[in-house]
Protein chains: 2
Amino acid sequence: MKLVSVVLSGGAGTRLWPASRQAFPKPFMKLGGSTLLAQAICRGQACGTDELLVITNQDHLFLTKGVIENLADPPRTHFLLEPNGRNTGPAIALAALHCAAVHGPDSVLVVLPADHLIPDTEAFVACANEAAEIAQRGQLVVFGILPTGPDTGFGYIEVEHVVRESQAVLRFVEKPDLPTAQSYLATGRYYWNSGMFCFTAQTMLDALAEHAPRALHAAKAALKSSKAAGEVTRFDAHEFGLQPDISIDYAVMEKARNVTVVPARFGWSDVGSWPAVAQAHPEDASGNTFIADVVSVETQGTHVQVESHGPKVVATVGVKDLVVVDTPDALLVAHKSAAQKIKSVVDTLKARGHESTQLPAAVHRPWGTYATLKEEAGYKIKRITVKPGESLSLQYHHQRAEHWVVVQGLALVQIGENEFRTEPGQYRYIPVKEKHRLSNIGSDELVLVEVQCGAYLGEDDIVRLADTYGRA
Amino acid sequence: MKLVSVVLSGGAGTRLWPASRQAFPKPFMKLGGSTLLAQAICRGQACGTDELLVITNQDHLFLTKGVIENLADPPRTHFLLEPNGRNTGPAIALAALHCAAVHGPDSVLVVLPADHLIPDTEAFVACANEAAEIAQRGQLVVFGILPTGPDTGFGYIEVEHVVRESQAVLRFVEKPDLPTAQSYLATGRYYWNSGMFCFTAQTMLDALAEHAPRALHAAKAALKSSKAAGEVTRFDAHEFGLQPDISIDYAVMEKARNVTVVPARFGWSDVGSWPAVAQAHPEDASGNTFIADVVSVETQGTHVQVESHGPKVVATVGVKDLVVVDTPDALLVAHKSAAQKIKSVVDTLKARGHESTQLPAAVHRPWGTYATLKEEAGYKIKRITVKPGESLSLQYHHQRAEHWVVVQGLALVQIGENEFRTEPGQYRYIPVKEKHRLSNIGSDELVLVEVQCGAYLGEDDIVRLADTYGRA
């Protein structure tokens, strides 16, 4: 059996703002020491496969590669890069087409969303093995979650009677309203739809041909016009956009008759909101989850997490069931019961064009990261990190000069036609309009403090003359 | 009549942490555009006096001078600098002795704590004029506040019956417990003691001689051993410390029979807690007081204020009656009803030796300010401001080199025996162990970005060779 992990790394995670942002979405959030994306990939590897297919937005390629490179044992990976957001239907159709071509029509795909939390990998693997076996018998397998309440955030799966063993699915239903969800629970006939699936490439292609021929046709056309280079497949934005924006549930699962549910015999969370994040952490005696330096007085059930440029202490006094998330450019204070309404904050900020919905406090680039520490009229201070072996583009600026101080690692600094080896404590000056390039020639991360001076300091004042990452 | 404003600038304002700190206490907090201290001084000036006596801790001299210099019309000022914290008894005894000697025994002192809020200056002046007239008849005048509730944070003043006109005081009582405060209110015989007083120097000296002869004697001894230089009187720490640590209420007011209360016919707050700060700001339709960029959803009665190195947005969702105070190194989230318990947070942090109880995010020095923007192993980034005409000490460091970039204003940088005029966008390098000095030779504030590099970056690695402020 050829097993392939298919990791779907989509969703913005708006409800986890300000930790999750458009350019740094939920899969990249750390929970329990590693990112949710890394956990999904390792979960796939634990099932015994070393083949990984990642479907993600093209803007997140470098961030995703960074996560994979930092794994103890990185799997063989191929990337299908979405030029724009589509739903799970097109993503799974493309995955099935790709796997059928590369790994054969009998290859078994385990579809894993990149933003789920499953603490017990061993229990997951047991279920996945069972699912793979059933998938090889021509079934479309879905992992069902035993509901803990009438949640309206999930689709539901109806069976004859919940028996906690794999069984035929009678019906997929979309996210219900509360009374409907309550009535479902009362019957004892429903699972939650986890969004995790298992099937052979051929079974899915057959199902698509029967139930969603238009989606399958559009996926084939998108793949035909795509360009594969090494581990990366890039799509033509127009052809890709012609695919219908539909979920795999709607395209296939609701209509197919060969669907089997394997009940999840493991703890599971889609980490869909701040209370769910809190639940994923161990509580103290007062039900608090503090991922920060917190001094608390008469505080109960409160979640605090902090990401800051320097040491920061948080004091909570006389509060209950709050979520406090502090970042350098945005602070959230919410009651857990209102956590779903964070979306409207993000909508408001997006309407204002506020950066905190787009960019994380540390902006990730293919070569490393930068964070703005201070900006006032006439100057801006940045902390820049560069990964070993990486280089920024050869560039110049029309309106700003830059002062560089290396504070960690070993840099090669090109200024005009000259190159300077630059060590921690050493300084280089980049005049206005002078071409320059920063490279990390050491084996450790390079950290540089940059003081930009000029009347205009926008990120768009950059002329790229050459770039390793195709941005020139 | 010679009228003198006596501004008592003491109190730490622990309950206003993290905005108020030991090195940046409550009088320096801004409320409604200017500091409480500036407001107290202007209140005194509005009464028609141009003589100001400030009694404050010697550590706060430069900060206090900065406030006075920035006034539109700075008054003639003398400073009595306390080497260590004493109570209002010694402060007022020293003020009376000083004024009797300098302005004559008949000079009238208006004693104003530096951390009160009185929005209506005109109404205050009318009361102060009345008080000054009564003071000239040999009375010790106290400003009484009509109680709005059984507050246990104030001392109370008993009269025959509250008539809302000046009248004889029967009794001063210390801060009561709640049942006692309630019983006081029920009688209609009590004012709150505002801590604002008015008397002639001679009346107070006579009262001290009669009721607190030991305190008067100690104050005379402290003054005798003091050193006056220009506008500043400094005390010998030992002699100063021999004064009893007692309030003027306990030393004199509770015992004297010539005490008159003038009822305050003006709004007044001692801004003693975060809810009081919130009350001092205009509310929005939901009772919120936002001194920050706030996006709120279903938020009521909540106070938010932010002091940050860069732009920062705060989102509040589904919360009620909270206080949120964010600073670069400390964040407070408290329920208004628990605001008194912030003191225990500060106690905990003090026990840990946490800087956020001592130093503000921007540290004030006689020459200007500095703020640490980022600190990691091997380097530290500071933003330094220098006032026009001021200089840092001539100094060197054993273990760190410094990279300086001027980003605003005009600097003179001494390095070794050389001096360099340095403009915005220009850079200077200070090697380890090299003597150096930074001066502002322009007419605007100088702003400098400093990147320190070295294995040890503590503030104590400084050897001062010469200093304008007597710190060498």
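Residues numbered from 1 in each chain as written. Chains lettered and ligands numbered in written order. Predicted model: local features only at pLDDT ≥ 70, side-chain atom pairs only at ≥ 80, totals over all residues. Heavy atoms only, no water.

K.L.:
Hey, could you run me through the sheet that holds strand β22 (residues 368-376) of chain B in this one?
P.N.:
Hydrogen bonds between backbone groups are what pair the strands of a sheet, and the pairing can be parallel or antiparallel. All names here are of chain B. In space, the six strands of this open sheet follow the order β21-β22-β23-β30-β25-β28, with antiparallel pairing throughout. Two strands bound the open sheet, and with one partner strand each, they are β21 (362-365) and β28 (427-430). For this sheet, the mean angle separating the axes of adjacent strands, direction not counted, is 25°. (Pairing = 2+ DSSP bridges. Helix = DSSP H or I, 4+ residues; strand = E, 2+ residues; numbered from the N terminus. Axes fitted to C-alpha atoms, helices over the stretch in contact; angles between N-to-C directions.)

K.L.:
Which parts of the structure should I look at to understand the pairing of β21(B)?
P.N.:
Across a regular strand the side chains alternate sides, sitting on one face of the sheet and then on the other. Residues and elements named next belong to chain B. Alignment of β21 against β22, held across four bridges, turns out to be antiparallel. Across the sheet, residue Val-363 finds its bridge partner in β22, namely Tyr-370. Between β21 and β22, which pair antiparallel in sequence order, lie two residues.

K.L.:
Explain the UniProt feature "domain: MannoseP isomerase/GMP-like beta-helix" (unreviewed entry) in chain A here, please?
P.N.:
The UniProt record annotates "domain: MannoseP isomerase/GMP-like beta-helix" (unreviewed entry) at residues 294-349 of chain A. Between the C-alpha atoms that bound residues 294-349 of chain A the distance is 28 Å, and the span itself is 14% helix and 43% strand. (UniProt positions renumbered as here; feature names shortened; annotations may be inferred.)

K.L.:
Can you walk me through the packing of aromatic side chains in this structure?
P.N.:
Here the distance between the centres and the angle between the planes together describe a pair of aromatic rings. Here the structure, examined in full by the defined rule, presents 19 aromatic pairs over all chains. Note on Tyr156(B) and Tyr190(B): the rings are 6.3 Å apart at their centroids and 70° apart in plane angle, and the pair reads as edge-to-face. Taken together, the residues Tyr156(B) in strand β8 (residues 156-158) and Tyr190(B) in strand β11 (residues 190-200) connect sequence positions 34 residues apart. Site record: aromatic cluster; members linked through ring pairs are Phe124(A), Phe143(A) and Phe266(A). For Lys382(A), the ring lying beneath its charged end belongs to Tyr370(A), and the centroid distance is 4.0 Å. (Phe/Tyr/Trp six-rings, centres within 6.5 Å; stacked < 30°, edge-to-face > 60°. Lys NZ or Arg CZ within 6 Å of the ring centre and 35° of its normal.)

K.L.:
Whenever I open this one, the relation of the copies chain B and chain A confuses me. Can you help?
P.N.:
Copy one and copy two of the chain differ by a rotation about a common axis and a shift along it. Mapping chain B onto chain A leaves a residual RMSD of 0.0 Å; the transformation is a rotation of 180° accompanied by 0.0 Å of translation along its axis. In short, the pair behaves as if placed about a two-fold rotation axis. By C-alpha distance to the rotation axis, the residue of chain B lying nearest is Leu373(B), at 3.3 Å. A symmetric contact is evident, with 100% of the interface residues of chain B recurring at the interface of chain A. (Least-squares fit on C-alpha atoms with pLDDT ≥ 70 in both. Contact = heavy atoms within 4.5 Å.)

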